[in-house]
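Residues per chain are reported as follows:
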Amino acid sequence: MGDVLAGIHATWEFDTDSVLIRFERGIRTPKLFQSLRERRIPHAALSSVTLTPGKRGTVVLHAVPRPGADPLLEAAAGQLKDGCDPYRLVLPAERETLAEYYADELRALLGADAGEPAERFMVAAPEAPMQFKAYDGRASFDGDRISFRWFWTGASTAKWKAGDQTFPVTELCGVEWRSPEAFGGYLRLVPRGAGSAVSLAGAEGAAAEGGAPRPDAAPGPQAMTPRAAQADQDPAAVTFGLGYGPVHESLPFAAAVLESVRRNQSAPVAATAVLAGAGRRDPADIAERIRHLGELHRAGLVTDDEFSAKKAQLLAEL
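Anyway, here's the lowdown on the structure attached to this text.

Definitions and cut-offs
Residues numbered from 1 in each chain as written. Predicted model: local features only at pLDDT ≥ 70, side-chain atom pairs only at ≥ 80, totals over all residues. Heavy atoms only, no water. Helix = DSSP H or I, 4+ residues; strand = E, 2+ residues; numbered from the N terminus. Buried < 20%, exposed > 50% of the residue type's maximum accessible area, 1.4 Å probe, protein only. Contact = heavy atoms within 4.5 Å. Areas by Shrake-Rupley, 256 points an atom, 1.4 Å probe, with all protein chains shown as cover. Pairing = 2+ DSSP bridges. Axes fitted to C-alpha atoms, helices over the stretch in contact; angles between N-to-C directions. Lys, Arg positive; Asp, Glu negative; His and termini not counted. Salt bridge = Lys/Arg side-chain N within 4 Å of Asp/Glu carboxyl O. Polar contact = N/O pair within 3.5 Å; in protein donor to acceptor, adjacent residues only side chain to side chain.

1. Re the overall build of the protein
Logical step 1: Tallying secondary structure elements over the protein gives seven helices and 16 strands in all.
Logical step 2: Taken across its 318 residues, the protein has 42% of its residues classed as buried.
Logical step 3: In the protein, the proportion of contacts linking residues at least 24 apart, taken out of those at least 6 apart, comes to 64%.
Logical step 4: When the accessible surface of the protein is split by element, carbon and sulfur atoms take 51% of a total near 16,000 Å².

2. Describing the sheet that holds strand β1 (residues 4-6)
Logical step 1: Read from one edge of the open sheet, four strands run β1-β2-β3-β4, paired in antiparallel fashion. The open sheet terminates on both sides in strands that have one partner only, identified here as β1 and β4 (38-42). Within the sheet, the average angular offset between the axes of one strand and its neighbour, ignoring direction, is 15°.
Logical step 2: Of the strand pairs in this sheet, β1 and strand β2 (residues 10-14) are connected by three bridges, and their pairing is antiparallel. Each bridged residue has a counterpart across the sheet, and for V4 the counterpart in β2 is E13.

3. With respect to unusual backbone geometry
Working note: non-glycine residues mostly have negative phi, and peptide bonds are mostly trans.
Logical step 1: Across the junction of A128 and P129, the peptide omega takes the value 5°, indicating a cis bond.
Logical step 2: Positionally, P129 belongs in the loop between α3 (96-109) and β8 (130-133).
Logical step 3: A positive phi is found at H9, a non-glycine position, where the angle reads about 80°.
Logical step 4: As for its position among the elements, H9 is in the loop between β1 and β2.
Logical step 5: Although it is not a glycine, R37 adopts a positive phi angle of roughly 70°.
Logical step 6: In this structure, R37 sits in the loop between α1 (31-36) and β4.
Logical step 7: On the basis of relative accessibility, which here comes to 52%, the residue R37 falls in the exposed class.

4. Section: the side chain of D85
Logical step 1: Here D85 lies in the loop between α2 (71-76) and β7 (88-92).
Logical step 2: One buried charged side chain, D85, makes no salt bridge at all; its nearest oppositely charged neighbour is R88, positioned 5.0 Å away.
Logical step 3: Of the polar contacts made by the side chain of D85, one reaches the side chain of H62; its length is 3.3 Å.
Logical step 4: Of the polar contacts made by the side chain of D85, one reaches the backbone nitrogen of Y87; its length is 2.9 Å.

5. A short note on the sheet that holds strand β13 (residues 186-191)
Logical step 1: Pairing within the open sheet is antiparallel, and its three strands lie in the order β12-β13-β16. Of all the strands in the sheet, just β12 (172-178) and β16 (237-239) have a single pairing partner and so form its edges. For this sheet, the mean inter-axis angle between neighbouring strands, taken without regard to orientation, is 10°.
Logical step 2: Note that β12 and β13 share six bridges and pair antiparallel.

6. Here's the deal with the environment of G111
Logical step 1: Assignment of secondary structure puts G111 in the loop between α3 and β8.
Logical step 2: Exposure remark for G111: the relative accessible area of 39% places this residue in the partly exposed category.
Logical step 3: Taking C-alpha positions, G111 is 7.9 Å from H43, a pair spaced 68 residues apart along the chain.

This is the structure in structure tokens:
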């Protein structure tokens, strides 16, 4: 196609296998769009394309992504307002005919599996490193580890007792994001395992920008602690508030963490598949692999059929 369609707050560039969405940086452009800057959406990541009347003499071209194709929308879990949906292009009503042409062109490029959920993320997540300021601490992500450093002015006693936290993505199975535009917004990390326990790392003593130094630093790594029901009591979560954890900062952060977690989740399962053609191995090694496979199964990362098949493959090597 190779054409460009300019709308309000964004421009769509149509390529042979994808659509490149470039967002404007004007003061009226939603901050989430400015944070994202641009996104390339493969045609294979789309499930449908619609064109509907908008507000105040506009039309809306909407490329609807397949479930599971975009880590940003997976993290948002339906909480984004229409005005912050990066897949909506708002155009003046007089450009409806042109918009309908591009809608038809995109529909013709959708694959036979467009109506099915995607098996993997197909749209790139925002890139680390990144950080944002929550109400009770600062959250940082370097691509491998997520760190929470508590603020003396906002963190609960439970979090101060737990100490500042560091979570390797390899020890997580997901992330929960509740919009700061709703009451009780938060970002919570979900550790691996059905027990939902978190490993507490020792604190460094100095709080991040916006928080006063803590009076007593945690002495070092502590025991496994059950995950609290409320985010303000959970050391694996940071809470939002007025001006803290805004959508344009916390949602891209959640999407980047989710993409990294999913990428690391697939590696152990793929590794066990390679064992199918291997020679006999040490029984202790096989037992350890089965134990790890069981952890993935209990965490819901491996289906019953996958677990049974992989376990049979490993047992056949004894």
